[in-house]
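Chains, contacts and geometry: an overview
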Amino acid sequence: MDSPRCVTSEDLPRVVTLLDDIFRREKGVTDQTVFTDFPLLFASDNLDHCRVIERNGQIVSHAAVWPRTLVIEGMPLKAGIIVLVATAHDHRRQGLADALMRDLQRTLADEQFDLGILWTGVPAFYEQLGWHVVTPRGWLTHTMPLPLPANNIQAYDSDLHLDALHHLHRQSGIHTQRSLAETAALLELPGCRVTILHSENRPVAYLVDADAVNKRGLIEYAGPPERVWSLVAAASNHGNERPFLIFPTHEALARNARHEGWPVTPLSSCKGFGAEMLLVLNPDIATPEVLDRLFVWGLDQA
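All values reported here derive from a predicted model rather than from experimental measurement.

It is worth spelling out the pattern of salt bridges at this point. Summed over all chains, the structure comprises 19 salt bridges. Close ionic contact of Asp209 with Arg242 constitutes a salt bridge, the shortest N to O distance being 2.6 Å. Of this pair, Asp209 sits in strand β11 (residues 202–212) while Arg242 sits in the loop between α7 (225–235) and β13 (243–246); the two residues are 33 residues apart in sequence, bridging distant segments of the chain. Each member of the pair, Asp209 as well as Arg242, is classed as buried. A salt bridge links Arg242 to Asp211; its shortest N-O distance comes to 2.9 Å. Of the two residues, Arg242 is situated in the loop between α7 and β13 and Asp211 in strand β11; the sequence distance between them amounts to 31 residues. In this structure, a network of salt bridges that share partners links the residues Arg68, Arg178, Glu182, Glu220 and Asp300.

The following block contains the structure:
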């Protein structure tokens with residue numbers, strides 16, 4: 001019988017090979033690996049949330065949940081982000097992903113998560129498991145070159161800036177609770193460029209501009225909108241148009257984008273693409289009023 005089990009550290013090379021083949025190599029991506037793209041997911045203390053099915057010594061299917069705590073205007077929600085659901089080609093359409101998802105959903109219930117979140121191109125598969133499609137508030141635009149702002153913009157240096165950026169993130173009305181170590185790991189993700197705006201010798205805003213296969217465009221920022229806009233203006237000169245996800249509480253940024261003639265459209269999902277889906281596990285906390293303000297932010301998107 002095909003029974004899901006937790007991933008062990010000894011499994012990781014085979015798990016990474018399976019997932020890289022499906023999510024990286026088949027897409028022609030050779031300079032990224034899920035192991036470094038998802039360092040917190042595959043951390044030793046989270047392997048119990050990663051599940052596989054093994055046949056004849058081969059790991060043929062995988063799914064995982066990445067626990068995050070989302071803070072929506074002071075309200076914490078324990079969220080499980082479903083990540084890297086995949087099955088080897090020769091073993092598909094045999095119910096393996098279904099078995100893994102049902103196993104993970106039991107874990108979400110047993111560990112008293114408030115909601116589950118995922119992004120997918122096949123929503124019908126998850127709908128039969130109880131998930132439903134949602135549309136978050138916010139906007140999507142694409143950058144076009146702007147005049148370069150003042151030169152008080154610097155590249156991120158963890159030794160100089162980590163504490164300040166961690167604090168800026170936590171000041172946002174909608175954010176994810178992170179430890180300082182988690183912030184450090186996320187700001188160093190492959191393909192992500194972090195810039196800092198200084199005022200009076202201290203960081204007052206930051207912006208993450210990503211070129212990774214799983215993270216693209218201007219995807220995370222914190223600080224006053226006018227300060228963030230200076231960083232956006234600088235990023236707009238980095239070559240091609242950049243997708244820019246605008247946080248729903250940062251309407252000023254959407255106004256700036258419209259003023260510059262950038263196309264501004266409502267978001268379809270917090271990633272700007274794919275179907276975003278929720279599984280409400282605790283309706284007493286994950287109320288419609290709270291979910292209306294839900295936004296899975298930036299580097300915490302899986």
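Turning our eyes to something else, we now look at the side chain of Lys271. As for its placement among the helices and strands, Lys271 is situated in the loop between β14 (265–266) and β15 (275–280). One buried charged side chain, Lys271, makes no salt bridge at all; its nearest oppositely charged neighbour is Glu276, positioned 8.9 Å away. Setting aside chain neighbours within four positions, we find Lys271 in contact with Trp119, Leu245, Gln301 and Ala302.

A word on the environment of Asp300. With respect to the secondary-structure elements, Asp300 resides in the segment after α9 (288–291). For Asp300, a relative accessible area of 0% puts it in the buried group. Separated by 260 residues in the primary sequence, Asp300 and Leu40 place their C-alpha atoms 10.0 Å from one another. Leave out the neighbours within four places in its chain, and Asp300 touches Trp66, Arg68, Ile81, Thr176, Arg178 and Leu186.

Positionally, Asp157 belongs in the loop between β8 (153–155) and α5 (158–171). Remark: the alpha-carbon pair of Asp157 and Ile196, spanning 39 residues in sequence, is separated by 9.1 Å. A polar contact of 2.9 Å, which involves the side chain of Asp157, links it to the backbone nitrogen of Asp159.

Moving on, we get to helix α3 (residues 96–110). Residues that lie three or four places apart on an α-helix share one face, since the helix turns once every 3.6 residues. End to end, α3 covers 21 Å across 15 residues, agreeing with the expected 21 Å (1.5 Å per residue, within 8%). The elements touched by buried residues of α3 are β2 (50–55), β3 (58–72), β4 (75–87), β5 (115–120), α4 (123–127) and β15. Phi turns positive one or two residues past the end of α3, at Gln112, with a value near 60 degrees.

Let's shift gears to unusual backbone geometry. Despite not being glycine, Glu73 shows a phi value in the positive range, around 50 degrees. You will see that Arg93, though not glycine, has its phi angle at about 60 degrees, which is positive. Here Arg93 is to be found in the loop between β4 and α3. For Arg93, a relative accessible area of 88% gives the class exposed.

What follows deals with the state of the cysteines. Disulfides are covalent bonds that link the sulfur atoms of two cysteine residues. One pass over the full model with this rule turns up 0 disulfides. As a non-bridged cysteine, Cys6 has Cys50 as the owner of its nearest cysteine sulfur, 8.6 Å distant. Just so you know, Cys192 is unpaired, no disulfide at all, and the nearest cysteine sulfur is the one on Cys270, 17 Å from it.

A separate point is the nonpolar core. Ranked by internal contacts, the top residues of the largest apolar core, which has 99 residues, are Leu41, Phe42, Leu84, Ile117, Trp131, Tyr221 and Phe244. Ranked by residues supplied to this core, first place goes to β3 with 8 residues. If we ignore the near neighbours within four places in the chain, the residues touching Ile117 are Leu70, Ala79, Gly80, Ile81, Ile82, Trp131, Met277, Leu278, Leu294 and Val296.

The next thing to look at is the environment of Thr143. Tracing the backbone shows Thr143 in the loop between β7 (139–142) and β8. We classify Thr143 as buried; its relative accessible area is 1%. Along the sequence, Thr143 and Glu188 sit 45 residues apart, while their C-alpha atoms lie 23 Å from each other. In this structure, Thr143 is in contact with Leu218, Ser236, Asn240, Glu241, Arg242, Phe244 and Trp262, ignoring residues within four places of it in sequence. Side-chain polar atoms of Thr143 contact the backbone nitrogen of Arg242, separated by 2.9 Å.

Each value, and the rule that gives it
Residues numbered from 1 in each chain as written. Predicted model: local features only at pLDDT ≥ 70, side-chain atom pairs only at ≥ 80, totals over all residues. Heavy atoms only, no water. Salt bridge = Lys/Arg side-chain N within 4 Å of Asp/Glu carboxyl O. Helix = DSSP H or I, 4+ residues; strand = E, 2+ residues; numbered from the N terminus. Buried < 20%, exposed > 50% of the residue type's maximum accessible area, 1.4 Å probe, protein only. Lys, Arg positive; Asp, Glu negative; His and termini not counted. Contact = heavy atoms within 4.5 Å. Polar contact = N/O pair within 3.5 Å; in protein donor to acceptor, adjacent residues only side chain to side chain. Expected span 1.5 Å × (residues − 1). Disulfide = S-S within 2.5 Å. Core = buried A, V, L, I, M, F, W, Y, C linked by side-chain atoms within 4.5 Å.

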